[in-house]
Amino acid sequence: MEKYSQIEKIKYEGAKSKNPFAFRFYDPDRKIAGKTMKQHLKFAMSYWHTINASGTDMFGGNTMDKSFGLSGMEMYKKKADVAFELMQKLGIEYYCFHDVDISPEGETLAESVKYLDEITDYLLEKQKKTGIKLLWGTANMFGDKKFMAGAGTSPCADVFAVAAGKVKAAIDATIKLGGTGYVFWGGREGYDTLLNTDMGLELDNLARLLTMARDYARAKGFKGDFYIEPKPKEPTKHQYDFDVATCANFLRKYNLLGDFKMNIEANHATLAGHTFNHELRTARVNGIFGSIDANQGDLLLGWDTDQFPTNVYDTTLCMYEVLKEGGFTNGGLNFDAKTRRQSNTYEDILLGYIAGMDAFALGLIKAQELIDDGRIDKFVEERYATFASGIGKKIVSGKETLESLSKYAMDLKNVEADSGRQEYLEQILNTVLFG
Ligand code: XLS
Ligand code: NI
Ligand code: NI
């Protein structure tokens, strides 16, 4: 990773550039609908994939070495140096971490907290020097053996207690570093068989942990958002935070709406059998859109491959939702993505980020063009026009009853909806993308 120092800061060179170490579409200061691309996109680096993941898979070990020949705190400080250098080279202004990404896990909670204190001092200095900020923090409550049956949903109360301690420490670290979000990805909060599982207690306990976290952080003055990151399966057969709709129900049942929003990951959406934009839209209509883990899966593989996002259809439809939402507030676009096992050089990591940032920049440009073009919005508006006047308006305003509608409908003839025009609309999308 020393090699990053030999590469210049990545610049925008336009779509015709053949320089691999340049942006073709991401022009940070270019204005789109009144805001710069940089303000719209709020890119973040994921510490775990970028600084730690080393290419291990189920069948083989590391293909990259990210230890720099060091160990202990010395290694973690070096990792922080590399992280900030990489972000500066790319012009990325935010990052995200799990507690154990930035400092070693001790044998006891006390030891881990000590390491975390030391490294957050170091990171804070770096933030001050570079202007780089923390988007969100989280605690890894799935890697260690003690969490094999979950953390907040563990059948063992001591495990629950350690998890609570880890969440407290990770919230302290997030607050110290000025993070605007705190994420709960379910980890092993789920089950493999109902034969050994008390689902009711597990869900109640999970809500207890989230409620304690909210109460603690708010008491400490944390003004940011909490996020649940939905995922349907992996590592457990059934993750409790299956998808956005399931999480919305959970938040509603346990009175956590208002404090908790969604961190939506593209790859998790497709694992749940949804499109990425389905999950974004579901969050929006429930008022819980928050942040995004930007990546993509491989539909033929069917697991969480966490690839850098390059599919411009998806990034366009994603940014369309983000623009319609009025943009990010506390959230952003975190590249929860890693280079493929065979893309195992230092340069590949940079190239992965460049590809992902360009795909989202292009998605932003095209999403705004789609909105400016106006035909899709107009079509949708007209499609529902019967609810803007007459009987439809009365239904929407809650004035009608089954009886009144029955009376109204009794003698209607030839009742049908107009064509949905899917092919025409897909053609408009293609024209905006490639025309
Ligand atoms: C794993 C998740 C994880 C979260 C943070 O599938 O995506 O990386 O984003 O815990
Ligand atoms: Ni994620
Ligand atoms: Ni993932």
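Residues numbered from 1 in each chain as written. Chains lettered and ligands numbered in written order. Predicted model: local features only at pLDDT ≥ 70, side-chain atom pairs only at ≥ 80, totals over all residues. Heavy atoms only, no water.

**Q** Where do I start with the overall build of the protein in this structure?
**A** For the protein, the count of helices and strands is 16 helices and 14 strands. In terms of overall size, the protein behaves like a compact globule, its C-alpha atoms giving a radius of gyration of 23 Å where 435 residues would be expected to give roughly 22 Å. The principal-axis extents of the C-alpha atoms in the protein amount to approximately 80 × 60 × 45 Å. Across the 435 residues of the protein, 49% fall into the buried class. Within the protein, counting contacts between residues at least 6 apart in sequence, those at least 24 apart form 76% of the total. When the accessible area of the protein is evaluated, it comes to approximately 21200 Å², of which 53% is carbon and sulfur surface. Looking at charge distribution, the protein has the averaged site of its 54 positive side-chain charges lying 4 Å from that of its 61 negative ones. (Helix = DSSP H or I, 4+ residues; strand = E, 2+ residues; numbered from the N terminus. Rg over C-alpha atoms; globule rule 2.2 N^0.38 Å. Buried < 20%, exposed > 50% of the residue type's maximum accessible area, 1.4 Å probe, protein only. Contact = heavy atoms within 4.5 Å. Areas by Shrake-Rupley, 256 points an atom, 1.4 Å probe, with all protein chains shown as cover. Lys, Arg positive; Asp, Glu negative; His and termini not counted. Charge placed at Lys NZ, Arg CZ, Asp CG, Glu CD.)

**Q** What's the story with the coordination of the nickel ion (ligand 3) in this structure? I'm lost.
**A** Angles at a metal have ideal values that depend on geometry: 109.5 degrees with four tetrahedral donors, 90 or 180 degrees with six octahedral donors. Donor atoms from the polypeptide that coordinate the nickel ion (ligand 3) comprise E265 (OE), H268 (NE2), D304 (OD), D304 (OD) and D306 (OD), at 1.9 to 2.7 Å from the metal. For the nickel ion (ligand 3), all donor residues lie on one chain, and their spacing in sequence is E-x2-H-x35-D-x1-D. A separation of 4.3 Å is found between the nickel ion (ligand 3) and the nickel ion (ligand 2), which are bridged by E265. Of this pair, E265 sits in strand β12 (residues 260-265) while D304 sits in the loop between β13 (289-293) and α11 (312-324), placing them 39 residues apart in sequence. Residue D304 is classed as buried on the basis of its relative accessible area of 10%. (Donors = N, O, S within 2.8 Å, 3.2 Å for Na, K, Ca; no water.)

**Q** Explanation requested: the pattern of salt bridges in the structure shown.
**A** Any two side chains of opposite charge can pair if their charged atoms end up close together. Going through the model one piece at a time under the given rule, you end up with 21 salt bridges. Of the charged contacts in the structure, one is a salt bridge between K38 and E93, with a shortest N-O distance of 3.6 Å. Highlighted residues: K38 in helix α1 (residues 37-41) and E93 in the loop between α3 (72-90) and β6 (94-98), separated in sequence by 55 residues. Take K38: its relative accessible area is 29%, and that puts it in the partly exposed class. Overall, the relative accessible area of 28% leaves E93 in the partly exposed class. (Salt bridge = Lys/Arg side-chain N within 4 Å of Asp/Glu carboxyl O.)

**Q** Looking at this model, I keep getting lost on the pairing of strand β8 (residues 181-185). Mind explaining?
**A** Each regular strand shows side chains that alternate between the opposite faces of the sheet. The buried fraction of β8 is high, at 4 of 5 residues. Summarising the sheet, strand β7 (residues 133-138) and β8 pair through 2 bridges and their orientation is parallel. Within the sheet, the bridge partner assigned to W136 lies in β8 and is G181. In this sheet, strand β10 (residues 225-229) lies alongside β8 in parallel orientation, the contact comprising 5 bridges. Opposite F184, over in β10, you have I228 as the bridge partner. (Pairing = 2+ DSSP bridges.)

**Q** Whenever I open this one, the coordination of the nickel ion (ligand 2) confuses me. Can you help?
**A** Here the nickel ion (ligand 2) is held by the protein donor atoms E229 (OE), E265 (OE), D293 (OD) and D336 (OD), which lie 2.0 to 2.1 Å from it. The site at the nickel ion (ligand 2) holds 6 donor atoms, and with the angles between them running 81 to 173°, its shape is octahedral. (Tetrahedral: all angles 85-135°; square planar, octahedral: opposite > 155°, others 65-115°.)

**Q** Would you mind going over the nonpolar core with me for this structure?
**A** General note: in soluble globular proteins, nonpolar side chains tend to be found buried as a group. Core analysis: the largest hydrophobic core is formed by 112 residues, its most contacted members being Y47 and Y95. Element by element, the count of residues in this core is highest for helix α12 (residues 346-373), at 11 residues. (Core = buried A, V, L, I, M, F, W, Y, C linked by side-chain atoms within 4.5 Å.)

**Q** Got a minute to help me understand the pairing of β13 in this structure?
**A** The element β13 is extensively covered by neighbouring structure, given that 5 of its 5 residues are classed as buried. Direction of pairing for β12 relative to β13: parallel, over a ladder of 4 bridges. Bridging across to β13, E265 finds its partner in D293. In this sheet, strand β14 (residues 333-335) lies alongside β13 in parallel orientation, the contact comprising 2 bridges. In the sheet register, I292 faces β14, and the bridge partner there is L333. Read from β13 through α11 to β14, the crossover connection turns out right-handed. (Right-handed = clockwise from strand over helix to strand, strands pointing away.)

**Q** Whenever I open this one, helix α5 (residues 109-130) confuses me. Can you help?
**A** Working note: α-helix, 3.6 residues per turn, so residues spaced by three or four point in the same direction. Here α5 contains 22 residues, and its C-alpha end-to-end distance of 31 Å stays within 8% of the 32 Å for a straight helix at 1.5 Å per residue. Where α5 is concerned, the buried positions are S112, Y115, L116, I119, T120, L123, K126 and Q127. One side of α5 holds all its buried residues, which, seen down the axis, span an arc of 140°. More than 90 degrees from the buried face of α5, the exposed residues found are A110, K114, K128 and K129. Where α5 is buried, its residues touch α2 (47-52), α3, β6, α4 (99-102), β7 and α6 (157-176). Positioned one or two residues after α5, G131 has a phi angle of 80°, which is positive. (Expected span 1.5 Å × (residues − 1). Arc of directions from axis to C-beta.)

**Q** Help me out: how do you make sense of the packing of aromatic side chains in this one?
**A** By convention here, two paired aromatic rings are described through the distance between centres and the angle between planes. Inspection of the entire model under this criterion finds 22 aromatic pairs. Here the aromatic rings of Y95 and F97 are separated by 6.1 Å at their centres, their planes lie at 35°, and the arrangement is tilted. Residues Y95 and F97 agree in their burial class; the two are buried. Sitting over the ring of F68, K78 keeps its end group 5.8 Å from the ring centre. (Phe/Tyr/Trp six-rings, centres within 6.5 Å; stacked < 30°, edge-to-face > 60°. Lys NZ or Arg CZ within 6 Å of the ring centre and 35° of its normal.)

Purely geometric numbers; function is a separate question.
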